[in-house]
Amino acid sequence: LAVSGYADAAYKATKSEKTKKLLKTAALTGGILFAVKGLDNRIEVTHYDISSPKIPEGFDGYKILQISDYHADSVPGLIEEIEHESPDIIVSTGDLVHDTGSYTPGLRLCKHLIDIAPVYAVTGNHDLWRSDYDEFERELTEVGVKTLHDERVILKRNESEISLSGIDDPFALNSVKIAENIENSLAKLPRYNGYDILLFHRANLFDRLKYRGFNLILAGHMHGGQFRIPKGRGVVAPKSSWGSKSSMFFPKYFAGHYHAPHTDMIVNRGIGNPMLLPRLFNRPEITVITLKHKKEI
């Protein structure tokens, strides 16, 4: 009986050790898979169809490719993905470069983009924080990029037209000044009766713009929330948005398609990463918006 009891105890100990090893292996494997998936930095292309009776028939199928928050980063495969989409125009919704370091990568990117389609841009906070921003924009203009500073251009296609408007980033240290800067920018844009698209950096300020007559707003700035719950909410808002009374955690507008009466907003998660912390479950993104003429019933 003593021998039998000893053997039974030894068997249980061996079984326990095997179970622990299996659990450790499973935990390690799970951790590796989590990291591989979470830190995946391959470009993701997200497509949206926007339908409206205000979109002229001549613009049915018109393709707008949006990039945002490039931060003069290095993103393999970006040009190839953009070429593959064959857009009618390309728009940059701010932070094409970072506030420090060389702006050459941003300029080099635009030299490639302008060979694919006309390029329109608006400023982001990091662009405007640069002491040499004017020099950077001068070089952008020389390669053919049109930066919209509180202004509108008319896009024409098949004897039809729509409007593309852009306003400068309203950065300030408090929400009152931010609101004032937005109002000053909007005051420079005359009313447009046709389909009107707005390029604006800060998606977190959608509530200030969604009733201002724009049919579609393309924005960025939020970096997808930097960390994302898989297939879900963004977690952290950029620090530079806190002055507008935006929530630091789980921001209201962080990525994707948002609706308000008569206004849609597409928020690009951005391409680069200006933070020391990695993007988690938050792949770099380009967005492709296809306009669709919707017949009135």
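Relevant structure appears above.
Residues numbered from 1 in each chain as written. Predicted model: local features only at pLDDT ≥ 70, side-chain atom pairs only at ≥ 80, totals over all residues. Heavy atoms only, no water.

Q: Sorry if this is basic, but what is going on with the sheet that holds strand S6 (residues 151-157) here?
A: Adjacent strands of a sheet pair through backbone hydrogen bonds, lying either parallel or antiparallel. Taken in spatial order, the six strands of this open sheet run S6-S7-S8-S9-S11-S10, and their pairing is mixed. Each edge of the sheet is formed by a strand with only one pairing partner; in this case those strands are S6 and strand S10 (256-260). Averaged over all pairs of adjacent strands, the angle between strand axes in this sheet comes to 20 degrees, irrespective of strand direction. (Pairing = 2+ DSSP bridges. Helix = DSSP H or I, 4+ residues; strand = E, 2+ residues; numbered from the N terminus. Axes fitted to C-alpha atoms, helices over the stretch in contact; angles between N-to-C directions.)

Q: Explain unusual backbone geometry here, please?
A: Negative phi characterises most residues that are not glycine, and trans characterises most peptide bonds. Here the phi dihedral of Asp150 falls at roughly 50 degrees; this positive angle occurs in a residue that is not glycine. Within the element layout of this structure, Asp150 appears in the loop between strand S5 (146-147) and S6. Its relative accessible area of 10% is what places Asp150 among the buried residues. The backbone phi angle of Phe281 is positive, close to 50 degrees, even though this residue is not glycine. Structurally, Phe281 can be placed in the loop between strand S11 (263-267) and strand S12 (285-293). (Buried < 20%, exposed > 50% of the residue type's maximum accessible area, 1.4 Å probe, protein only.)

Q: How should the side chain of Thr147 be read in this particular structure?
A: Its place among the elements puts Thr147 in strand S5. Apart from residues no more than four positions distant in its own chain, Thr147 is found in contact with Ala121, Val122, Thr123, Tyr133, Glu137 and Leu140. (Contact = heavy atoms within 4.5 Å.)

Q: Please clarify how the nonpolar core should be interpreted in this entry.
A: What tends to happen in soluble globular proteins is that the nonpolar side chains get buried as a cluster. By size, the foremost hydrophobic cluster in this structure holds 27 residues, and its most contacted members are Ile67 and Leu78. Secondary structure elements with two or more residues in this core: strand S2 (63-67), helix H2 (78-85), helix H3 (104-113), strand S4 (119-122), helix H5 (133-143) and S12. The dominant element in this core, judged by the number of residues it contributes, is H3, at four residues. For Leu78, the contacting residues outside a window of four places in its chain are Ile43, Tyr70, Leu109, Ile271 and Ile286. Residues Ile167, Ile178, Ala203 and Ile217 belong to the second largest nonpolar core, which totals 24 residues. (Core = buried A, V, L, I, M, F, W, Y, C linked by side-chain atoms within 4.5 Å.)

Q: Could you clarify how one ought to interpret helix H6 (residues 175-187) in this entry?
A: Helical geometry note: an α-helix holds 3.6 residues per turn, so side chains three or four residues apart project in the same direction. The end-to-end C-alpha separation of H6 is 18 Å, in line with the 18 Å expected for 13 residues at 1.5 Å each. With a side-chain oxygen positioned 3.1 Å from the backbone nitrogen of Val176, the residue opening H6 is Asn174. (Expected span 1.5 Å × (residues − 1). Polar contact = N/O pair within 3.5 Å; in protein donor to acceptor, adjacent residues only side chain to side chain.)

Q: Got a minute to help me understand the pattern of salt bridges in this structure?
A: Close approach of charged atoms lets side chains of opposite charge pair. Counted by the stated rule, this structure contains 16 salt bridges. Salt-bridge contacts for Glu142 lead to Arg138; the nearest nitrogen and oxygen are separated by 3.0 Å. Here Glu142 pairs with Arg138, and both are found in helix H5, just four residues apart, close to one helical turn. Assessed through its relative accessible area of 44%, Arg138 is described here as partly exposed. Across the pair Lys252 and Asp207 runs a salt bridge, and its minimum N-O distance is 3.0 Å. Of this pair, Lys252 sits in the loop between strand S9 (216-220) and S10 while Asp207 sits in helix H7 (residues 206-209), placing them 45 residues apart in sequence. (Salt bridge = Lys/Arg side-chain N within 4 Å of Asp/Glu carboxyl O.)

Q: Honestly, the pairing of S2 in this entry has me stumped. Any pointers?
A: The side chains of a regular strand alternate, first on one face of the sheet and then on the other. A large share of S2 lies buried, amounting to four of its five residues. For S2 and S12, the ladder comprises four bridges, and the chain directions are antiparallel. Each bridged residue has a counterpart across the sheet, and for Gln66 the counterpart in S12 is Thr287. As paired strands, S2 and strand S3 (residues 89-93) are joined by four bridges and run parallel to one another. Bridging across to S3, Ile64 finds its partner in Ile89.

Q: How do you make sense of the layout of surface pockets when you look at a structure like this?
A: The probe, sized like a water molecule, is rolled over the atoms to show the empty space still left. Taken as a whole, the second largest pocket spans an internal volume of roughly 260 Å³. Together, 17 residues line the second largest pocket, and His223, Pro238, Lys239, Pro274 and Met275 are the ones closest to its centre. Per-class residue counts for the lining of the second largest pocket are eight nonpolar, seven polar and two charged. (1 Å grid on protein atoms, 1.4 Å probe; cavity = no way out; pocket = protein on both sides within 12 Å on 5 of 7 lines; lining within 4 Å. Points joined across faces, edges and corners; volume = space filled by probe spheres on them. Nonpolar A, V, L, I, M, F, W, Y, C, P; charged D, E, K, R; others polar.)

Q: I tried to follow a nonpolar patch on the surface on my own but got confused; where do I start?
A: A cluster of nonpolar residues, Ile229, Met248, Phe249 and Phe250, forms a patch on the protein surface that exposes about 370 Å² of accessible area. On the secondary structure map, Phe249 appears in the loop between S9 and S10. The exposure class assigned to Phe249 is partly exposed, which follows from its relative accessible area of 45%. (Patch = residues over 30% accessible without salt bridge, like charges linked within 9 Å, V, L, I, M, F, W, Y side chains within 5 Å. Areas by Shrake-Rupley, 256 points an atom, 1.4 Å probe, with all protein chains shown as cover.)

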